[in-house]
Amino acid sequence: MTAGMEREPARYRGPRSVQRTTRIERRAELFVGLLFFATILATLGLIVSYVIGANTQVDGVLLAIALGGIGGGIVVWVQYLMHTPTMIEARHPMQPNPVAEMSPAQAAMREAESGFTRRHLLLGMLFASVGGLLTAIAVPLFSLGPLPNGRAWFTTAWKKGSRVVDVNGNVVHASQIPVNGIMTVFPEGAPGDAMAQTVLLNVGPGLLQLPADRASWAPQGFIAYSKLCTHAGCPVGLFRATEHDLMCPCHQSTFDVLDGAQVTFGPAPRPLPQLPIQLQPDGTFVALGDFPEPVGPAFWNQTLGGGA
Ligand code: FES
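In this text, all values refer to a predicted model and were calculated from it rather than measured experimentally.

Basis of the calculations
- Residues numbered from 1 in each chain as written.
- Predicted model: local features only at pLDDT ≥ 70, side-chain atom pairs only at ≥ 80, totals over all residues.
- Helix = DSSP H or I, 4+ residues; strand = E, 2+ residues; numbered from the N terminus.
- Buried ≥ 20, exposed ≤ 12 C-beta atoms within 10 Å, placed from the backbone.
- Pairing = 2+ DSSP bridges.
- Contact = placed C-beta atoms within 7 Å.
- pLDDT = per-residue confidence, 0-100.
- Axes fitted to C-alpha atoms, helices over the stretch in contact; angles between N-to-C directions.
- Parallel < 35°, antiparallel > 145°, perpendicular 65-115°, else oblique.
- Left-handed = near helix turned anticlockwise from the far one by under 90°.
- Nonpolar A, V, L, I, M, F, W, Y, C, P; charged D, E, K, R; others polar.
- Core = buried A, V, L, I, M, F, W, Y, C linked by C-beta atoms within 7 Å.
- Expected span 1.5 Å × (residues − 1).
- Arc of directions from axis to C-beta.

**Q** What exactly am I supposed to notice about the overall build of the protein chain here?
**A** When its secondary structure is counted, the protein chain shows five helices and 11 strands. Burial statistics for the protein chain: of 308 residues in total, 24% are counted as buried.

**Q** How do you make sense of the pairing of strand 3 (residues 198–202) when you look at a structure like this?
**A** The side chains of a regular strand alternate between the sheet's two faces. The element strand 3 is largely enclosed, with a buried count of five among its five residues. Neither face of strand 3 is left uncovered, since the one carrying Thr198, Leu200 and Asn202 and the one carrying Val199 and Leu201 both have all their residues buried. Alignment of strand 2 (residues 181–187) against strand 3, held across five bridges, turns out to be antiparallel. Residue Val185 lies in a different strand from strand 3, and its bridge partner there is Thr198.

**Q** Can you help me understand the environment of Asp245 in this one?
**A** Tracing the backbone shows Asp245 in strand 6 (residues 245–247). Under the C-beta neighbour-count criterion, Asp245 is labelled partly exposed, with 17 such atoms within 10 Å. Along the backbone, Asp245 and Asp256 are 11 residues apart, and their C-alpha atoms lie at a distance of 5.0 Å. What Asp245 contacts, discounting residues up to four positions off in sequence, is Arg240, Thr254, Phe255, Asp256 and Val257.

**Q** Would you explain the environment of Ser216 in this entry?
**A** Mapped onto the elements, Ser216 comes out in the loop between strand 3 and strand 4 (222–226). Owing to 12 C-beta atoms within 10 Å, Ser216 belongs among the exposed residues under this scheme.

**Q** Hey, could you run me through the sheet that holds strand 3 in this one?
**A** Backbone-to-backbone hydrogen bonds join strands into a sheet, with any given pair of strands oriented parallel or antiparallel. Pairing within the open sheet is antiparallel, and its five strands lie in the order 1-2-3-4-9. The open sheet is flanked by strand 1 (164–165) and strand 9 (274–275), the only strands paired with a single partner.

**Q** What's the story with the confidence of the model for the protein chain in this structure? I'm lost.
**A** Should pLDDT be low for a region, the predicted coordinates there are not to be read in detail. Averaged over every residue, the pLDDT of the protein chain is 83; residues scoring 70 or more account for 78%. Between residues 303–308, whose pLDDT stays under 50, and residues either more than four places distant or in other chains, the model counts 10 contacts.

**Q** Just checking my understanding: could you explain the sheet that holds strand 8 (residues 262–265) for this structure?
**A** Sheet architecture is open: four strands sit in the order 5-6-7-8, paired in antiparallel fashion. What marks the edges here is a single partner per strand, and that holds for strand 5 (238–240) and strand 8. Here the strands of the sheet are splayed against their neighbours by 35° on average, with no regard to which way each runs. The pairing of strand 6 with strand 7 (residues 254–256) spans three bridges and is classified as antiparallel. By the bridge assignment for strand 7, Met247 is matched with Thr254.

**Q** Would you mind showing me how to read the pairing of strand 2 here?
**A** Pairing of strand 1 with strand 2, which is carried by two bridges, proceeds in the antiparallel orientation. In the strand pairing of strand 2, Val165 is matched with Phe186.

**Q** So what exactly am I meant to see when it comes to the packing of helix 2 (residues 56–81) against helix 4 (residues 120–138) here?
**A** Relative orientation and spacing of two packed helices are given, respectively, by the angle between their axes and the distance between those axes. Closest axis-to-axis distance for the helix 2/helix 4 pair is 11 Å, and the angle between their directions is 150°. With respect to helix 4, the axis of helix 2 lies roughly antiparallel. Crossing handedness for the pair helix 2 and helix 4: left-handed. Contacts from Ala66, Gly69, Ile70 and Gly73 of helix 2 reach helix 4 at Leu126, Ser129, Val130, Leu133 and Ala136. Partitioned by chemical class, the residues of the contact of helix 2 with helix 4 number six nonpolar, three polar and no charged.

**Q** For this particular structure, what's the right way to read the nonpolar core?
**A** Nonpolar side chains tend to gather and get buried jointly when the protein is soluble and globular. Ranked by internal contacts, the top residues of the largest apolar core, which has 32 residues, are Leu200, Ile223, Tyr225 and Ile277. Contributions of two or more residues to this core are made by strand 2, strand 3, strand 4 and strand 11 (285–287). Among the elements that line this core, the one with the most residues is strand 4, at four residues. With residues up to four places along the chain from it excluded, the contact list for Ile277 reads Val164, Trp217, Phe222, Ala224, Phe285, Val286, Ala287 and Leu288. Core analysis: the next-biggest nonpolar cluster, separate from the first, contains 15 residues, Leu35, Ala42, Met125 and Ala136 among them.

**Q** I keep staring at helix 4 and nothing clicks. Help me out?
**A** An α-helical turn contains 3.6 residues, so a residue and the one three or four places further along point in the same direction. In a regular helix each residue adds 1.5 Å, so 19 residues correspond to 27 Å; helix 4 covers 27 Å between its end C-alpha atoms and thus fits that length. Considered for burial, the residues of helix 4 that qualify are Leu122, Met125, Leu126, Ser129, Gly132, Leu133 and Ala136. Mapping the buried residues of helix 4 onto a view down its axis gives an arc of 135°, with all of them on the same face. What points out from helix 4, more than 90 degrees from its buried face, is the exposed set His120, Gly124, Phe127, Gly131, Leu134 and Ala138.

Encoded structure:
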C-alpha cells in the first residue's frame, strides 16, 4: 500500500445470511421484471395479431405467454419478495451475538427496502401487464358490431300487408307449392333477410289442428312458420311430409306442423312462431302482421321478456 493512502474500511453488509437473501431478492426482482415484460410484449402482440388478422394459433401462444408471465411473476414476487411476519417459537434465552444482530438503523433500512416500497418499477410493470391483458381481451369486442336499435331483436321485416316472395324477390303463388310442398319465403322488400326467413308449407285442407284464434292464419292448408329454430337459431328446413314434421338439422329438434309447430323431440324449448298469412284472390299471399312473438332462440323472450 502506498504511503499516505488509507484503505477504506470494509463496509459492514450484515451477516452472510442477509447478504445471501439480498442476492436472491435481486435475482427474483429481475426475473419478475422479465416475466411482466414478456406479458406486456405478448399483450401488445395480441392486439397487433387481432388487427392484422393473424391465425388463432398465434393468438393462443401469445395469450399463454401473457397469462403465464403475469401468473409466474406474481408467484415469484410473493415467494421471494414479500416479507411476511415470521412466527418464532419461544426458546431458552441465549447470549446476544453482536455480530449476528443488525443495528436498529440497519433493520429499518432493510425494512424500507423490502416489500413494495423498493419495487415501484415492478409494481408499474404489473399494472401495465394487467392493463395490457385487459385491453387485449377487450379489443375483440369491437367485432361484435353495432348494437341493435330499439326492439329490433323482437320484430322482423314482416308487416301487415307484406306480400310473400321467394329468395329472389318474386311473388309466390299458391300453385307453386303442391300438397306436402315447402318453400322458404320472405316479406317483399327483404328477400334473404335472416330474421324474417319463413317456411311456407301446404299440408292440404282439413288436417291442421290449430288453436281457434290461429285457424284463420292458415288458409286452405297453407301454413307459415319462422324458419329459425327456437333452440339455437339454425334454419329449420327439413320437412318430413308423411309425418308432417319439420326437423332442425343441428340437434334434431322436431316440430309438429299440424299442431302449431309444437316441439315433439329435441332440445328446442318452444314451438316455431307462426306467421299469420292470407290467401289473396289472385293466388298470392300477404302477411296479416309480424310474428306474434320473437323468432329464434328462446333467449329472446325468456331473458328479455319481449314476447307479445
Ligand atoms: S338449433 Fe335446432 S335443435 Fe339446436
